[in-house]
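Fold and contact review
Chain by chain, the residues run as shown.
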Amino acid sequence: MGDQNLAEILKVKKQFVAMGTLVSSQIHQATKSFLEHDTILAKQVISKDQQVNQTEVELEKNVFDVLIRKNPMASDFRETMSILKASSDMERIGDAAIRIARQTLRMSDKPTFTAAEKLIQQLTYQVRQMLDKVDEAYVNDDSDAAYAIASEDIKVDRLYLQLRQLVLSQQVKDKQQLKASDVYLIISRQLERVGDHIVNVAEWIVYAQTGKIVELNPGKNDPELVKK
């Protein structure tokens, strides 16, 4: 591989790292806005939506340029393809941040549910930690870390189910809670989906390093959890 091709691949890799940093910030700020009932911060998150989308568009353009024009060798082809696939998951994580911020705005005139918010705080912490770790694993080309990060998604799934059951049971007990219950359900679902997208990114890290396409979602290996 020539120096020019290597430079192009390093360029798209740096773009992906920048995108990961931006998306991580969006999730951190969106969940913070919800937990702190901060509508101003929520609006700031929403205002950056186009920045994430534009970053993905530019990244995809550069990746396709490498694939079509540079004819990368096998290992570099895998890394370039993994960036393309992982960027799609990162963009969807960014979309989740926007949805969470919008729910923060909806929540401003609704009663809060303290027990549910405590679980959302735990779920938020777990997802944030996984996202930061997967960004670092990508920078370090660390497939072992990717496996470990993916295994943590089972915690996300369990917290999501616990939160969902709590909110649904509260609906029956407290009619006033109906006004806010859909917001809590949407937030928890978005965080659960973020966990899934992080697992996908971890799978692409493994593919880039080993050439193997693996299924790392721990929920897929727990039939009872999937059934729930």
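All values reported here derive from a predicted model rather than from experimental measurement.

Considering the arrangement of structural elements, one finds Asp 135 in helix α5 (residues 114-139). Notably, Asp 135 is buried but unbridged: the nearest opposite-charge side chain belongs to Arg 128, and the N-O separation is 12 Å.

So, about the environment of Ala 96. Considering the arrangement of structural elements, one finds Ala 96 in helix α4 (residues 74-106). Relative accessible area serves as the criterion here: at 3%, Ala 96 is assigned to the buried category. Sequence separation between Ala 96 and Ala 30 is 66 residues; the distance between their C-alpha atoms is 8.9 Å. Apart from the residues lying within four places of it in its own chain, the contact partners of Ala 96 are Gln 190 and Val 194.

Going through the model one piece at a time under the given rule, you end up with four aromatic pairs. Considering the side-chain rings of Phe 34 and Tyr 184, the 6.1 Å spacing of their centres and the 85 degrees angle between planes classify their relative orientation as edge-to-face. Of this pair, Phe 34 sits in helix α1 (residues 3-35) while Tyr 184 sits in helix α8 (residues 178-210), and the two are 150 residues apart along the sequence. The class of Phe 34 is buried, set by a relative accessible area of 2%. With a relative accessible area of 0%, Tyr 184 lands in the buried category. Taken together, the ring pairs in this structure connect Phe 34, Phe 113 and Tyr 184 into an aromatic cluster. Across from the ring centre of Tyr 138, 5.6 Å away, lies the NZ or CZ of Lys 13, which sits over that ring.

The interhelical angle for the contact between helix α2 (residues 39-47) and α4, taken along N-to-C directions, is 150 degrees, at an axis separation of 9 Å. Relative to α4, the element α2 lies roughly antiparallel. Considering only the axes of α2 and α4, their crossing is left-handed. Residues Thr 39, Ala 42, Lys 43, Val 45 and Ile 46 of α2 form the contact with α4, whose own contacting residues are Ala 97, Ile 98, Ala 101, Arg 102, Thr 104 and Leu 105. A breakdown of the residues in the contact of α2 with α4 according to their chemical character gives seven nonpolar, two polar and two charged.

Attention shifts here to the pattern of salt bridges. It is possible for side chains bearing opposite charge to pair when their charged atoms get close. All told, the structure shown has six salt bridges when counted by the stated rule. Among the ionic pairs, Arg 106 bridges to Asp 182, the shortest N-O distance being 2.6 Å. Of this pair, Arg 106 sits in helix α4 while Asp 182 sits in helix α8; the two residues are 76 residues apart in sequence, bridging distant segments of the chain. For Arg 106, a relative accessible area of 31% gives the class partly exposed. Taking relative accessible area as the criterion, Asp 182 reaches 28% and is therefore assigned partly exposed. Across the salt bridge formed by Lys 133 and Glu 152, the nearest N and O atoms sit 3.1 Å from each other. Taken together, the residues span a long stretch of sequence, with Lys 133 in helix α5 and Glu 152 in the loop between α6 (143-151) and α7 (153-173) at a distance of 19 residues. Residue classification places Lys 133 among the partly exposed residues on the basis of a relative accessible area of 34%.

On the surface, Arg 92, Arg 99, Arg 102 and Arg 193 cluster together to form a positively charged patch. Ranked by the residues each element gives to the positive patch, the list is headed by α4, at three residues. With respect to the element layout, Arg 92 can be found in helix α4. Arg 92 gets classed as partly exposed once you look at its relative accessible area, which sits at 45%.

On to the nonpolar core. Formed by 62 residues in total, the largest nonpolar core has its most connected members in Phe 34, Met 90, Ile 93, Val 134, Tyr 184 and Ile 198. Among the secondary structure elements, those contributing two or more residues to this core are α1, α2, α3 (49-70), α4, α5, α6, α7 and α8. Top contributing element to this core by residue count: α8, with 14 residues. In this structure, Phe 34 is in contact with Ile 100, Thr 104, Met 107, Ile 120, Val 183, Tyr 184 and Ile 187, ignoring residues within four places of it in sequence.

About the criteria used
- Residues numbered from 1 in each chain as written.
- Predicted model: local features only at pLDDT ≥ 70, side-chain atom pairs only at ≥ 80, totals over all residues.
- Heavy atoms only, no water.
- Helix = DSSP H or I, 4+ residues; strand = E, 2+ residues; numbered from the N terminus.
- Buried < 20%, exposed > 50% of the residue type's maximum accessible area, 1.4 Å probe, protein only.
- Lys, Arg positive; Asp, Glu negative; His and termini not counted.
- Salt bridge = Lys/Arg side-chain N within 4 Å of Asp/Glu carboxyl O.
- Contact = heavy atoms within 4.5 Å.
- Phe/Tyr/Trp six-rings, centres within 6.5 Å; stacked < 30°, edge-to-face > 60°.
- Lys NZ or Arg CZ within 6 Å of the ring centre and 35° of its normal.
- Axes fitted to C-alpha atoms, helices over the stretch in contact; angles between N-to-C directions.
- Parallel < 35°, antiparallel > 145°, perpendicular 65-115°, else oblique.
- Left-handed = near helix turned anticlockwise from the far one by under 90°.
- Nonpolar A, V, L, I, M, F, W, Y, C, P; charged D, E, K, R; others polar.
- Patch = residues over 30% accessible without salt bridge, like charges linked within 9 Å, V, L, I, M, F, W, Y side chains within 5 Å.
- Areas by Shrake-Rupley, 256 points an atom, 1.4 Å probe, with all protein chains shown as cover.
- Charge placed at Lys NZ, Arg CZ, Asp CG, Glu CD.
- Core = buried A, V, L, I, M, F, W, Y, C linked by side-chain atoms within 4.5 Å.

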